[in-house]
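Next come the chains, spelled out residue by residue.
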Amino acid sequence: MGIFKKLVSWGQKKSPWIIHFNAGACNGCDIEFIDSLTPKYDIERIGILQHGSPRHADILICTGAVTLQTRDRLIQIYEQMASPKYVIAVGTCACTGGIFNGCYCVMGGIDTTIPVDVYLPGCAVRPEAVIDAIDKLLNSNDKDKTKKKAKSDKQKEVSEESNEEKSDEQ
Ligand code: SF4
């Protein structure tokens, strides 16, 4: 690993910048996530900074199931982020589609659209769990990350195939 990469990795570990995207949540998970920014949890004091631009973010926090309306925007945000980048699916809906699965406008979980590194199930997910997930993500070893990413890519492929089959049937 070059010195620049080492520096970026150190910076991400010590002070990851995050961006939040609601792909189609009921707002329950969003309220809990936003709670982590308030003085009670205050994630900024431990170096985690919420940022508005995907170009400056290291971690994408996604809530809710992906809808037809948000899918393209989600892809756009993910593509604008610089590598190495990570995605955390917060809430059961973000992990699997949850209660919205099967709706006419719902694609499913976040991994139907972009690769996911960490799945954080729950309805709704508590702020402590989000903070813990960010910590574990940054401290997990690269081997695990690669495995999860490969698994997620595989799931995405399978889901794309099934979506294509569905649209062919219609
Ligand atoms: S997991 Fe629960 S709280 Fe979160 S978006 Fe889905 S229904 Fe809402």
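Scroll up to find the structure.
Quick caveat, the model's predicted, so the values are computed rather than measured.

### Notes on unusual backbone geometry
- A cis amide bond links Ser-83 to the next residue, Pro-84, at an omega of 0°.
- Tracing the backbone shows Pro-84 in the loop between α3 (71-80) and β5 (86-90).
- Here Cys-123 and Ala-124 are connected by a cis peptide whose omega angle stands at -5°.
- Looking at the secondary structure, you find Ala-124 in the loop between β7 (118-120) and α5 (127-139).
- In this structure, Asp-42 is a non-glycine residue whose phi angle is positive, near 45°.
- Tracing the backbone shows Asp-42 in the loop between α2 (28-35) and β2 (49-50).
- The exposure class of Asp-42 is exposed, given the 11 C-beta atoms found within 10 Å.

### Description of the site of the ligand
- The environment of the ligand is formed by 13 residues, the closest being Gly-28, Cys-29, Gly-91, Cys-93 and Cys-123.
- Secondary structure elements with two or more residues in the shell around the ligand: α2, β3 (59-64) and α4 (92-96).
- A class-by-class count of the residues in the shell around the ligand yields seven nonpolar, six polar and no charged.

### Things to note about the pairing of β5
- Counting buried positions over the five residues of β5 gives five, a clear majority of the element.
- Both faces of β5 are covered, namely the face carrying Tyr-86, Ile-88 and Val-90 and the face carrying Val-87 and Ala-89.
- Pairing geometry for β5 and β7, over three bridges, is parallel. By the bridge assignment, Ile-88 is partnered in β7 with Val-118.

Thresholds, definitions, all that
Residues numbered from 1 in each chain as written. Predicted model: local features only at pLDDT ≥ 70, side-chain atom pairs only at ≥ 80, totals over all residues. Helix = DSSP H or I, 4+ residues; strand = E, 2+ residues; numbered from the N terminus. Buried ≥ 20, exposed ≤ 12 C-beta atoms within 10 Å, placed from the backbone. Near = placed C-beta within 6 Å. Nonpolar A, V, L, I, M, F, W, Y, C, P; charged D, E, K, R; others polar. Pairing = 2+ DSSP bridges.

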